[in-house]
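# Structural characterization, general
What follows is the residue order along each chain.
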Amino acid sequence: MAMPNVLKGIKQRRLLKGLRQKSHRKVIKNMEEVRTIGIVFHLGDELSWKYLYAIVMELERSNRRVHMICDQPNGQEISYIITHSQTTICHEKEDFDMWGVPHESSTEAFLSRKYDVVIDTTGGDSFFSQYIVLKADADLNITYIDDSDRPSDKILDTYDMTINGNGPIDLPAFFENVCNYLQMVRK
């Protein structure tokens, strides 16, 4: 069983390497100019969802369109309702091929849009999150980096901007930092 996982990892690394080589022109806009936001996350517990949903509602109240995409590991049950209509859930069991690549049909709703900013709340810790960020048509890609873990250069090459912290991501503080940094941008 270990050999298929080794082959899967090799295939995923090659795919990400190819995606990193495509041209990407970083454009940093002031938060007032940001109109479309994409968010990548892992489906987690109800409290994490409530934090994320509250942040998304605040962004939408400030006249921004927010689209989200997440992965749901095989066997993970959710006991709450995803109430955001622009959320795509990629189920590991049926929405991924044998290499762990999400099917185009499951990611099309998210990847067919142009984003001013794509925010990855996973810290780029999975093939799924890096793949989605690299495939998205976004002016700026942002993630959180836990300083207690040394991120690989490949993860850092995936993102245009990182917000650093110690320990697991604190979603409200992370989004506050993202908004604060983007408000400092002057054109």
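One structure accompanies this document, and this report is about it. (Residues numbered from 1 in each chain as written. Predicted model: local features only at pLDDT ≥ 70, side-chain atom pairs only at ≥ 80, totals over all residues. Heavy atoms only, no water.)

## Here we look at the pattern of salt bridges
- Taken as a whole and assessed by the stated rule, the structure comprises six salt bridges.
- Measuring nitrogen to oxygen at the nearest pair gives 3.3 Å for the salt bridge that ties Lys29 to Asp139. Placement of the pair is Lys29 in the loop between helix H1 (2-20) and strand S1 (36-42) and Asp139 in strand S5 (residues 137-146), with a sequence separation of 110 residues.
- On the basis of relative accessibility, which here comes to 21%, the residue Lys29 falls in the partly exposed class.
- Asp139 gets classed as buried once you look at its relative accessible area, which sits at 11%.
- A salt bridge links Glu58 to Arg61; its shortest N-O distance comes to 3.1 Å. Of this pair, Glu58 and Arg61 both sit in helix H2 (residues 46-61), three residues apart, roughly one helical turn.
- According to the relative accessible area criterion, Arg61 is exposed, its value standing at 60%. (Salt bridge = Lys/Arg side-chain N within 4 Å of Asp/Glu carboxyl O. Helix = DSSP H or I, 4+ residues; strand = E, 2+ residues; numbered from the N terminus. Buried < 20%, exposed > 50% of the residue type's maximum accessible area, 1.4 Å probe, protein only.)

None of the figures reported here should be taken as evidence of function without further support.
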